[in-house]
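Given next are the chains, with one letter for each unit.
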Amino acid sequence: MYLLLPLSFAILIALPLSAEPVRLSDAEGTLQIEGTLISRDGELYRIDTAFGPVTVDAGALTCSGAGCPDPTDLIVRATVGGNEELVHRLFPALLEVFADARSWNSVRLFHADEHVIWELRERETSRLVAIFEVKALSLEDTRKGLRDGELTLGLSFDESESDMRHDVVALDALVPAVAPDNPRAMVTLSQLSYLLSGEGASWARLGGPSVPVSVHVPSSLEVDPSVFGLDTLPSNLETHPSVSQLADTVARNSAAIGLVPYSSLGNAVPLIVSGSCGLATPATRDTLRAEDYPLTQPVFLNSVGADHPKVVRDLIAFSRSAAVQPIIRATGFVDQAIGRIGFEQQGDRIASAVLSAGDDPERVAEVRDMIGVLLGGERLTLTFRFRDGESTLDPQSTSNVQRLADAISDGLFDGQDIIFVGFSDGIGDPDANLRLSERRARSVRRAVSARLPETEVALDVAAFGELMPMACDDAPWGGRVNRRVEVWIKPQEVDP
């Protein structure tokens, strides 16, 4: 077998042109292609033949002749850098399951604190297919390495470089956490701001013992202090290069509070953060998947351009596939498998909507209509949110468009209706918010529909404006969490 591709889709690295002939043959000798080599990328040859240029799969054919490249030049080489937890905990798991799916062995040749080399070899022949050099780097060094072409892929929680490709491969979150013997289970936003404020903070102000608060954070912390109601984070925070060490330190110290990654909580106990209105969302796998938890952090697999060998392009695509989601979950990070949350699990949110309606007859009628639409349905853990002040989807939501389209195409929702349900924050005119929530729901439906072939699954739209907030609008993150498009599924109604 061989692969023919039009030139516009062939990702090739040019070799110096040679007038020396080459002959490509398959193992059975039934196929032969003769000509001169134009270019190759380790997996694809481009040959100038008597019938014009053709592109063929290098792995399926043997090259003979004076113009053939050195076999060692056909080995794919890639360099990966980024956050230590991501490149040394998450990436090896992705690479191993990717290799196994292709009947390759993954072999770790060399290991140091910050530097690992992986070989991918064909299982039957031991032929070396690819070498991945993996380095733990700071965020700035990762950005620079990608920009300068020294890195093929970068793993980080950062999406600030607009000229890069960003693929969301997993999820994590920052979680305020305390020791198991700390009796507190919830803090208000103002209390958390006080605890993180630095010198002079005492647990006595929160009804605890009169001891100073010890604040611990990852040394690679990248967070906007305004999320916690602070202009800046104090300089005297205790930093930890290892997130597992951070979690252990917090768990052993009853006076400590830490900003700990959800994937590495260990024995530390997460705190629920509530707003002044009393609404709160705990950090769970489902709330991270749905971006309901405000400090959710997408894990980005970043790259520059499309000029990568096919093995690398296939790895990027595989990292988003359904097959890899259980592996991501096993590493402690949050996968992006589509979950379902039943209507009966929405009690707190429904109750909040009913209470906020008060005695206003119009508002009560709107809540009743909303319950009528959602009753008997299930909310998917795919939620669509928008960048602050913009109508464009945020990175996790952009990834969710293709994820939902793929699930519909695979028949996961056959026999069901899908409803895109728009909500808004409570700031401004209620009628304007209702119209805005409907426009956003329709825009998400269009984005998903554009990636679908014909389907019998109905895609409907509903909008309820500010009826069912998930967070307090006066919290820094509240408005963003409330401005959302949820996805609900309900059994299709069958005509009698």
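Residues numbered from 1 in each chain as written. Predicted model: local features only at pLDDT ≥ 70, side-chain atom pairs only at ≥ 80, totals over all residues. Heavy atoms only, no water.

Visitor: Even after reading the chapter, I still don't get the sheet that holds strand S22 (residues 416-423), so can you show me in this structure?
Guide: Backbone hydrogen bonds hold the strands of a sheet together, and the pairing may be parallel or antiparallel. Reading across the sheet, the five strands line up as S20-S21-S24-S22-S23 and stay open at both edges, with mixed pairing between neighbours. Looking at strand neighbours, the two that pair on one side only are strand S20 (340-342) and strand S23 (459-463), the edges of this open sheet. On average, each strand axis in the sheet is tilted by 35 degrees relative to the strand beside it, whichever way the strands run. By the bridge criterion, five bridges tie strand S21 (residues 378-385) to strand S24 (residues 484-491) in an arrangement that is antiparallel. Following the sheet pairing, glutamate 378 is matched in S24 by isoleucine 489. The strands touched by helix H11 (residues 430-449) are S21, S22, S23 and S24; relative to S23, the strand with the most contacts, the crossing angle is about 165 degrees. (Pairing = 2+ DSSP bridges. Helix = DSSP H or I, 4+ residues; strand = E, 2+ residues; numbered from the N terminus. Axes fitted to C-alpha atoms, helices over the stretch in contact; angles between N-to-C directions. Contact = heavy atoms within 4.5 Å.)

Visitor: Please clarify how helix H1 (residues 84-101) should be interpreted in this entry.
Guide: An α-helix turns once per 3.6 residues; consequently, residues spaced three or four apart project the same way. Taking 1.5 Å as the rise per residue, H1 with 18 residues should run 26 Å; its terminal C-alpha atoms sit 25 Å apart, in good agreement. Helix geometry: H1 is bent most strongly at phenylalanine 91, by close to 35 degrees, with proline proline 92 lying one to four residues after it. Leu86, Val87, Leu90, Phe91, Pro92, Ala93, Leu94, Leu95, Val97, Phe98 and Ala99 are the residues of H1 that are buried. Between a side-chain oxygen at the N-terminus of H1 and the backbone nitrogen of glutamate 85 the separation is 2.9 Å; the capping residue is asparagine 83. One or two residues past the end of H1 sits serine 103, with phi positive at roughly 60 degrees. (Expected span 1.5 Å × (residues − 1). Bend = angle between axes of the 7 residues up to and from the residue. Buried < 20%, exposed > 50% of the residue type's maximum accessible area, 1.4 Å probe, protein only. Polar contact = N/O pair within 3.5 Å; in protein donor to acceptor, adjacent residues only side chain to side chain.)

Visitor: Got a minute to help me understand the side chain of histidine 240 in this structure?
Guide: As for its placement among the helices and strands, histidine 240 is situated in strand S15 (residues 238-240). Within the local environment of histidine 240, its side chain forms a polar contact with the side chain of glutamine 245, the two groups lying 3.4 Å apart. Contact partners of histidine 240, with chain neighbours within four places excluded, come to His216, Val217, Pro218, Ser219, Gln245, Leu246 and Thr249.

Visitor: Quick question: what am I supposed to make of the state of the cysteines here?
Guide: Simply put, disulfide is the name for a covalent bond between the sulfur atoms of two cysteines. On inspection of all chains with the given rule, the structure shows one disulfide. Two residues share a disulfide in this structure: cysteine 277 and cysteine 472, whose sulfurs sit 1.9 Å from each other. With the S-S bond torsion at -95 degrees, the cross-link from cysteine 277 to cysteine 472 turns out left-handed. One end of the pair, cysteine 277, is in the loop between strand S18 (272-274) and helix H5 (285-289); the other, cysteine 472, is in the loop between S23 and helix H12 (478-482), with 195 residues separating them in the sequence. Accessibility expressed as a relative area gives 48% for cysteine 277, which makes it partly exposed. (Disulfide = S-S within 2.5 Å.)

Visitor: In this structure, what is going on with the environment of leucine 120? I would like to understand it.
Guide: Turning to its location among the elements, leucine 120 is positioned in strand S9 (residues 115-122). Along the backbone, leucine 120 and aspartate 141 are 21 residues apart, and their C-alpha atoms lie at a distance of 26 Å. In this structure, leucine 120 is in contact with Leu95, Phe98, Ala99, Trp104, Asn105, Ser106, Arg127, Leu128, Val129, Ala130 and Phe132, ignoring residues within four places of it in sequence.

Visitor: Even after reading the chapter, I still don't get the pairing of strand S7 (residues 76-82), so can you show me in this structure?
Guide: Strand residues, when the strand is regular, have side chains that alternate between the two faces of the sheet. Across the seven residues of S7, six count as buried, placing the element largely inside the fold. Here seven bridges tie S7 to strand S10 (residues 128-136), and the two strands are oriented parallel to one another. Paired with valine 76 across the strands is alanine 130, a residue of S10. Of the strand pairs in this sheet, S7 and strand S11 (residues 153-156) are connected by three bridges, and their pairing is parallel. Bridge pairing links glycine 82 to leucine 155 in S11.

Visitor: Would you take a moment to explain the nonpolar core for this structure?
Guide: Across soluble globular proteins, nonpolar side chains have a tendency to be buried as a group. By size, the foremost hydrophobic cluster in this structure holds 47 residues, and its most contacted members are Leu195, Trp203, Phe228, Ile257, Tyr262 and Trp477. If you list the elements that add at least two residues to this core, you get strand S12 (165-178), helix H3 (189-195), strand S14 (214-218), helix H4 (243-252) and strand S16 (256-261). No other element matches the seven residues that S12 contributes to this core. By size, the runner-up hydrophobic cluster in this structure holds 35 residues, among which are Phe91, Leu95, Val116 and Leu120. (Core = buried A, V, L, I, M, F, W, Y, C linked by side-chain atoms within 4.5 Å.)

Visitor: Looking at this structure, how should I read the packing of helix H8 (residues 347-357) against helix H9 (residues 361-374)?
Guide: The description of two helices packed together rests on the angle between their axes and the distance between the axes. Relative orientation of the contacting elements H8 and H9 amounts to 160 degrees, with a least axis distance of 8 Å. With respect to each other, H8 and H9 are oriented roughly antiparallel. Like other packed secondary-structure pairs, H8 and H9 cross with a definite hand, here left-handed. Along the contact surface, H8 presents Ile350, Ala353, Val354, Ser356 and Ala357, while H9 presents Arg363, Val364, Val367, Met370 and Ile371. Partitioned by chemical class, the residues of the contact of H8 with H9 number eight nonpolar, one polar and one charged. (Parallel < 35°, antiparallel > 145°, perpendicular 65-115°, else oblique. Left-handed = near helix turned anticlockwise from the far one by under 90°. Nonpolar A, V, L, I, M, F, W, Y, C, P; charged D, E, K, R; others polar.)

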